[in-house]
Amino acid sequence: MSDTQTFLDTLTARSQQRGAEPTWIAARRQAGAARFEAMGFPTRRDEEWKYTDVRTIAQGNFALAENADFSQAQAAALTLPLDAYRLTFVDGVFSAALSDLEALPSSVQVMPLSKALADNHEAVGGPLGRLTGVDFSPFAALNTAFMEEGAVVRIAPGTVVEKPILLQFMSRAGTPVMCHPRILVEAAGRSEATLIEHYVGETEAANFTNVVAELMLDRGAILNHYKLQEAPLGDMHVASIHVEQSRDSRYSSYNLNLGGALVRNDLISDLNGQGAETNFYGLFFGQGRQHIDNHTKVNHNAPLTFSNENYKGILDDRAHGVFNGKVYVKRDSQKIEGFQSNQNLLLSDRARIDAKPELEIYADDVKCSHGTTTGQLDEDAIYALRTRGIDKATARGLLTLAFAGEVLEQVALDVIAERVELAVAGKLPERFNLAGLVEAAAALND
């Protein structure tokens, strides 16, 4: 039996359980299944997957979760302590009991995809799949075939959402399961919001999450998008995020990857109107035998657009990181600015990074730059900190935290920054003036 057939058989069994559904949904499922079957899982012979081996997923035997049974106490131990509008999914199944949309403004809609389809499927049918079609990748096709749950967020023109919108995806231990969440965000003109995706789970979980997110920003809209991925170290996580930006919109991505055995992120932003701006801030931290692959692309499809990208990788033990970033400037997209930086820190001689920054430019009046560096901790800097009475482990933690600081200082939500700091540097002694020491460590790194 082929690797794809196992997933297709599960899809067939699921289809037989469903009731009648609108014709367009059934047609898209069939298109996704057919495309997935035709393409098959990617291999390392495919250029876009050259450094990432997905056989662990392809050969896995993943069921589909049937319920979201998870106690409040279990969820509380995993959730972010944050005042937010909250949608919670357990192994891909929506949990009303663990969600909180109290006092959500009438100008903002936040609901599970299943409800959006049940209430008004025509309104969802137009935008769903417009940015990320079944041809994008085998995983996007697979997501479309299984598409039945996820989140829909709609923000009315001129609305400023005061609290973050938190989409939390929890992974349970036990029989390995898979889920294929679909996220659709429509931010109307001059609206402003903060969206958080949080992936977390029980320590022994070994599940597969395959998410597709489509984010559409109308003229002048502002969206701050945090993705905190701290899934269990046995989980597999594949994500495609596609952003469409109209004139004068601003999108900022904070892609923070700490967990997962095998992780692949595709992040694409289309700058389609003058004045559109996108910022990609990324930090990935790998240990053990983790594999974390980040592919990013910024498409400057209009003149007078701006992009800035800063990704940092920290790898320990035998972890393997991949960074492939591309800035594409369309013909006649003059007077754009596109900057890209990737820096990597290897904490072990056995850790590895494959980095490939790219520029593809078809206009002549542009400002673009890109570059990548890879190195280890400076032993002189460690020695300098030790002369101040700091033990070696703490010195290494401070220098590692200082390396990550350039990205973390962009993170406006303290609860997220603190989670990342703890994962990257460990629990540092409280007796030190940490702010001052991190500043000194950063200076030594420079």
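Residue positions are counted from 1 within each chain, in the order its sequence is given. In view of the model being predicted, local features appear only for residues whose pLDDT reaches at least 70, and side-chain atom pairs are presented and counted only at 80 or more, with totals across whole chains, interfaces and linings using the full set of residues. Calculation of side-chain values draws on the structure's entire complement of heavy atoms; hydrogens and water are dropped beforehand.

1. As for the nonpolar core
Core analysis: the biggest nonpolar cluster contains 43 residues, and Ile165, Leu167, Ile183, Leu215, Leu217, Leu223 and Tyr251 have the highest contact counts within it. The helix count covers DSSP runs of H or I at least four residues long, the strand count covers runs of E at least two residues long, and both are numbered beginning at the N terminus. When residues of this core are assigned to their parent elements, the largest contribution, 4 residues, is made by strand β10 (residues 208-217). With residues up to four places along the chain from it excluded, the contact list for Leu217 reads Ala187, Leu223, Val243, Glu244, Gln245, Ser246, Ser249, Arg250 and Tyr251. By size, the runner-up hydrophobic cluster in this structure holds 37 residues, among which are Leu80, Leu283, Phe285 and Val411. We define the nonpolar core as a collection of buried residues of types Ala, Val, Leu, Ile, Met, Phe, Trp, Tyr and Cys that are connected through side-chain atoms lying within 4.5 Å of one another. Note on classification: 1.4 Å probe, protein chains only; a residue is buried when its accessible area is under 20% of the maximum for its type, exposed when over 50%, partly exposed between these limits. Note on contacts: a residue pair is in contact if any heavy atoms of the two residues lie within 4.5 Å.

2. A short note on helix α5 (residues 113-125)
Note that an α-helix has 3.6 residues per turn; residues three or four places apart therefore point the same way. An expected span of 1.5 Å times one less than the residue number is assigned to each helix. If you check α5, its first and last C-alpha atoms are just 11 Å apart, much less than what 13 residues at 1.5 Å a residue would give, namely 18 Å. To get the bend at a residue, fit one axis to the 7 residues ending there and another to the 7 starting there, then take the angle between the axes. Considering bend angle alone, the principal kink of α5 is centred on Asp119 and spans about 105°. For α5, the set of buried residues is Leu113, Ala116, Leu117, Val124 and Gly125. Against α2 (23-39), β4 (108-112), β5 (150-155) and β8 (182-187) lie the buried residues of α5.

3. Let's talk about the pattern of salt bridges
Two side chains with opposite charge may pair up if their charged atoms get near one another. The rule for a salt bridge is simple: a side-chain nitrogen of Lys or Arg has to be within 4 Å of a carboxyl oxygen of Asp or Glu. Summed over all chains, the structure comprises 22 salt bridges. Note that Asp53 and Arg55 form a salt bridge whose closest N and O atoms lie 2.6 Å from each other. In this structure Arg55 comes out as exposed when scored by relative accessible area, which is 53%. Note that Asp248 is salt-bridged to Arg247, the shortest N-O span being 3.8 Å. Because the salt bridges share partners, they merge into one network encompassing Arg14, Arg18, Glu66 and Glu148.

4. Considerations on the environment of Tyr226
Inspection of the secondary structure puts Tyr226 in strand β11 (residues 222-229). Of the residues examined, Tyr226 reaches a relative accessible area of 2% and is grouped as buried.

5. Brief notes about the environment of Gln16
Following the sequence through the fold, Gln16 ends up in helix α1 (residues 3-17). Note on Gln16: relative accessible area 66%, which makes it exposed. A sequence separation of 385 residues divides Gln16 from Leu401, and the C-alpha atoms of the two residues are 51 Å apart.

6. Some details on the sheet that holds strand β19 (residues 336-346)
For two strands to be treated as a pair, DSSP must find no fewer than two bridges joining them. The mixed open sheet is built from 10 strands, whose spatial order is β3-β2-β6-β9-β11-β13-β15-β17-β19-β21. Edge positions in the sheet fall to β3 (93-100) and β21 (366-375), since each has one partner strand and no second. Taking each pair of neighbouring strands and ignoring which way they run, the sheet shows an average axis angle of 10°. Pairing analysis gives 4 bridges linking strand β2 (residues 85-90) to β3, with the strands arranged antiparallel. From the neighbouring strand, Val90 faces β3, where its bridge partner is Val93. Fitted lines through C-alpha atoms give the axes, limited to the stretch in contact for helices. The angle between two N-to-C directions lies from 0 to 180 degrees. Sheet contacts for helix α8 (residues 392-408): β15 (277-286), β17 (306-315) and β19; angle to β17, the most-contacted strand, approximately 160°. The sheet strands contacting helix α9 (residues 414-425) are β9 (192-201), β11, β13 (250-257), β15 and β17, and the helix crosses β15 at an angle near 35°.

That's the geometry; what it means functionally is another story.
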